Amino acid sequence: MQKIKSLMARQGLKSPQESMADLSPVENLRIPSKEELRELREQSIDPQAEQEIINSIEEVYFSNDSFDMVQHELEKLPLELNLLELEEHRDKLKRQQAAVSKKVADLILEKQTAYVKELERVTALQTNLQLAAVICTNARRQLSVAKEGFTEASLGLLANQRRRQLLTGLLKSLRTIKTLQRTDVRLSEMLEEEDYPGAIQLCLECQKAASTFKHYSCISELNSKLQDTLEQIEEQLDVALSKTCKHFDVSHYTKVQLAYTLLGKTQTAMDQLHMHFTQAIHNTVFQVVLGYVELCAGNADTKFQKMQYKDLCTHITLDSYIPCLTDLCKALWEVMLSYYRTMQWHEEHDKQKNSPDDAAAAADSDELVVDRSYVKKKLEHGLTRIWQDVQLKVKAYILGTDMSNFKYDDFIVVLDVISRLMQVGEEFCGSKSEVLQESIKRQSVNYFKNYHRARLEELRMFLENETWELCPVKSNFNIAQLHEFKFMGQCRSPSVSPNRQAMSSNSPAQEELCLFHQFLQEGNPFEMHIEQKEEETEDVLASNGYESDELEKSVYQEYDSDSDVPEELKQDYVDEQTGDAPLKSVSRETIRSKKKSDYNLNKINAPILTNTTLNVIRLVGKYMQMMSILKPIAFDVIHCVSQLFDYYLYAVYTFFGRNDMPVPSPSLPTHGGREAGTARVVGPACLYESSGLGLISSRLRTTLNRIQESLIDVEALGENAGVHGPAEDRKEKVPSPHLSQLVVLTNSGTLYGLAQRVVATESLVFLAEQFESLQSHLDTMMPAAKKPFLQQFYSQTVSTASELRKPIYWIVAAKAIDYEQMLLMMAGVKWDIREIMSQHNVYVDVLLKEFEQFNKRLGDVSRHVRIPLPVSNVLWEHCIRLANRTLVEGYANVKKCSNEGRALMQLDFQQFLMKLEKLTDLRPIPDKEFVETYIKAYYLTENDMEQFIKNHREYSMKQLANLVNVCLGSHINKRARQKLLAAIDDIDRPKR
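Thresholds applied
- Residues numbered from 1 in each chain as written.
- Predicted model: local features only at pLDDT ≥ 70, side-chain atom pairs only at ≥ 80, totals over all residues.
- Heavy atoms only, no water.
- Helix = DSSP H or I, 4+ residues; strand = E, 2+ residues; numbered from the N terminus.
- Buried < 20%, exposed > 50% of the residue type's maximum accessible area, 1.4 Å probe, protein only.
- Contact = heavy atoms within 4.5 Å.
- Areas by Shrake-Rupley, 256 points an atom, 1.4 Å probe, with all protein chains shown as cover.
- Phe/Tyr/Trp six-rings, centres within 6.5 Å; stacked < 30°, edge-to-face > 60°.
- Lys NZ or Arg CZ within 6 Å of the ring centre and 35° of its normal.
- pLDDT = per-residue confidence, 0-100.
- Disulfide = S-S within 2.5 Å.

A look at the overall build of the chain
Thought 1: Broken down by element type, the chain carries 41 helices and two strands.
Thought 2: Taking all 992 residues of the chain together, the buried fraction comes to 45%.
Thought 3: Of the contacts formed within the chain by residues at least 6 apart in sequence, a portion of 77% connects residues at least 24 apart.
Thought 4: Accessible surface for the chain amounts to roughly 53,000 Å². Of this, 52% is attributable to carbon and sulfur atoms.

Structure (structure tokens):
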């Protein structure tokens, strides 16, 4: 930098600072001459070489202006100086100096024009500054003159004007203060008028005005008074807010909310509102229950008012339980409806406020959004909280009373009310009401256990007093006509309570509306069950029994229309998935027929049932109604329903399927023994037993054993009943019923109580058909995990009802025909005749006469009780089988027999068949081949007989041995006979 300066000084140039210091407008600038510039340019022609020289300069030369280059070069000198090296270094420095000087000169020449222009601008600026200094001096001088010319009079005038303005403002302030002093009167009037927004607005304006005049001493007292008034308004506002919890009024609530908005306490108001709702629930239920307790107590004792609500609930009497529960739910409904309408008000209010119309609303929108969000969340959270409080209060009421002794209809009303309340809860907040369900389930299980126990005892009493007379019902009788099953016709869905079903059936358009919409303005959903208490009349009994006159027919025809019965209940069974009825129903088994074997001519095909059957059906309806209202105990109820059927089936079997009378007739083991249903009579009946025919099925035997083990208290029949078995197990069981002494089963004139047997057996079959028709409905109510129980009940119990016909009617068939007499008569016939006979034996006519007498007796019985075709078929089948097997037994008793005797056997049997076919339409004749095959076996050879013995094991050992001894005895030797008898013995050995 020093070298540049020295170069500039040598060329007559100055730095910009030095030029500015002694610059004058007239001074001429010295510019390097052209010769000097030319000299500098010509010193180095090659720019690249020149740049390399500049680059070779040490960095230290460019560090700062204080750098001492001489000192630097001297310090670099070695201790021993070399002239040549010094001269070379000197020449290098000169070259570097020349390159730098030339570069600086080039730069100066390049920027010289701009340098001149900038100097001209600086000169102009200096001139302008001098002019500005002159203007400022003149302005100061003129201001001094104006100051000296301003008078004190002008300032005094301004001061007076200002004082006047202050006094005017003071007068206005005094008038405002006077007005503020009188606002308390107006505020009181507005509070009486419940104009809370106006009162708060006025109070806030007064406070704002008071804060403006707070410098006055009288305002401090007024401000304190206004604050007290505002607090008083808030207290009254809180009371007004609490009133909306029981009776919501839109205009009233709008005023209250607007008032809280003016106070800026929207969120506080919402908190207070939920506290009031909680308090309202507590106060409401307490007052309702207290009123009933004091009313029932009959005195003015105030001890109840100090009780806890839970303790108070235990003092409710059974008579006042349902009215109190209804009023309790009504009151709680009002509280929940008020909350629902509160939420509805806020939703509508938010919709109106969503789009702000002015700038002020837009400015406050953030705060409004926060408040609305808080209110919305608080209200949504409050739904569950309030419903939980309602559940706890009702739970305490439900569990406060033992309902085990309630009447069925009363308990159903309780379930109905609670079911409706749970429906309210589901619509209110989507809750499944677990608290209510658990409490009502506890009561229901307890009640139902006692109720079912009493009903089983009642059923036992009915069965023991039942004379098994026909209960005359109309031909179109259907369980849907019974009052207990009306709930099924009103609604297919079993999950809806009966009251709701009735309501939906009365006005289908209302079914889509939820309860809160339906009763939004007026009414109460808990008033519906009172209307349901009106009992509907039933019209199921016929005017008289089974008269066949035209009047009776017309009566049945008049009621034959079942258009008012739901299609679901007309069918015996409906496919659950398709809804279609099968082509052939179970009940179609009893179709009308004009065959000889059907003893139903000119009789109306009304169902065969007894008063006890009707009672069981009614009980099933009541149980199902309870299930439809309270699904959690559905399995317990269905289990009890199955016990009703089990006990009825077991009673019918015990009364009519076993025979303990000491007569030569069927003798059955007790309680589902080894061969229940088997006749054990003298002669042919023994063969019937040994052949395996007439036994009850293994499925029926298993069912009877299961019923006896699980339901029948066998020990109660003994003398030491209280000593044996755990008391808890016996508590669940019922003693076996006893047949009424009025029922006589030993009279041959009545075919050994055939009418009673038909009524009992067919009533059981009818009951099974009704159970079949209810299967799909029960299946929908059964929990998925328990459905196998229901399927097993139907497949192993209900479906076995018709199988009882065989053992029950077998007893009649075994006694109705005198098979012993026929055996004796056959024993007196001579079979070793030598000529072919054209006349059959007398025993055939006697047997046919027995059948004619049997047919006549059947006709006599049918005049009192309709004998369905399946029953008559079973009876004829049993009798014919016994007769045919008796014939075979008689032929097996023959000691000697010729070929002509065998022809006589065939003649006798063909005569029997020909006459028998005129008596019955049963085809084919049972065991016809059994007799024919045995007779034809008389013609077999030795080899054929051996094969016959192996293939026909249906014959007894005695019958087969008779074939060997009598037929082949004269044709074979002793060894061959022993061989055949040994083969017979081998076949019979496994049976022993």
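As for the packing of aromatic side chains
Thought 1: By the definition in use, this model includes 32 aromatic pairs.
Thought 2: Here Phe-854 and Trp-876 contribute two aromatic rings whose centre-to-centre distance is 5.4 Å and whose plane-to-plane angle is 80°, an arrangement assigned as edge-to-face. Placement of the pair is Phe-854 in helix α35 (residues 842–862) and Trp-876 in helix α36 (residues 869–892), with a sequence separation of 22 residues. Like Phe-854, the residue Trp-876 is buried in the burial classification.
Thought 3: Ring centres 4.6 Å apart and planes at 25° place the aromatic pair Phe-930 and Tyr-955 in the stacked group. Of this pair, Phe-930 sits in helix α38 (residues 928–936) while Tyr-955 sits in the loop between α39 (942–951) and α40 (957–967), placing them 25 residues apart in sequence.
Thought 4: What makes Tyr-955 buried here is its relative accessible area of 2%.
Thought 5: Three or more aromatic residues joined by ring pairs form one cluster here, namely Tyr-408, Phe-411, Tyr-447, Phe-448, Tyr-451 and Tyr-623.
Thought 6: One Lys or Arg, Lys-786, reaches over the ring of Phe-635 and ends 4.6 Å from the middle of that ring.

Brief notes about the confidence of the model for the chain
Thought 1: For the chain, per-residue confidence averages 77 on the pLDDT scale, and 74% of positions sit at 70 or higher.
Thought 2: Mean pLDDT across the elements of the chain ranges from a minimum in helix α23 (residues 550–558), with 36, to a maximum in helix α30 (residues 754–773), with 93.
Thought 3: Here residues 19–31 is a poorly scored stretch, pLDDT under 50, and it has 12 contacts once near neighbours within four places are set aside; other chains count.
Thought 4: Confidence drops under a pLDDT of 50 for residues 545–598, and excluding neighbours within four residues, the segment shows 94 contacts in the predicted structure.

Notes on the state of the cysteines
Thought 1: Under the criterion given, the structure shown has zero disulfides.
Thought 2: Cys-313 forms no disulfide, and the closest cysteine sulfur to it belongs to Cys-324, at a distance of 7.5 Å.
Thought 3: According to the relative accessible area criterion, Cys-313 is buried, its value standing at 0%.

What to know about the environment of Val-743
Thought 1: You can see Val-743 is positioned in the loop between β2 (734–735) and α30.
Thought 2: Judged by relative accessible area, Val-743 falls into the buried class, the value being 8%.
Thought 3: Aside from chain neighbours lying at most four places away, what touches Val-743 is Glu-466, Thr-467, Trp-468, Phe-656 and Gln-756.

Here we look at α40
Thought 1: In terms of burial, α40 is a largely internal element, eight of the 11 residues being buried.
Thought 2: Restricting attention to buried positions, one finds in α40 the residues Gln-959, Leu-960, Ala-961, Asn-962, Leu-963, Val-964, Val-966 and Cys-967.

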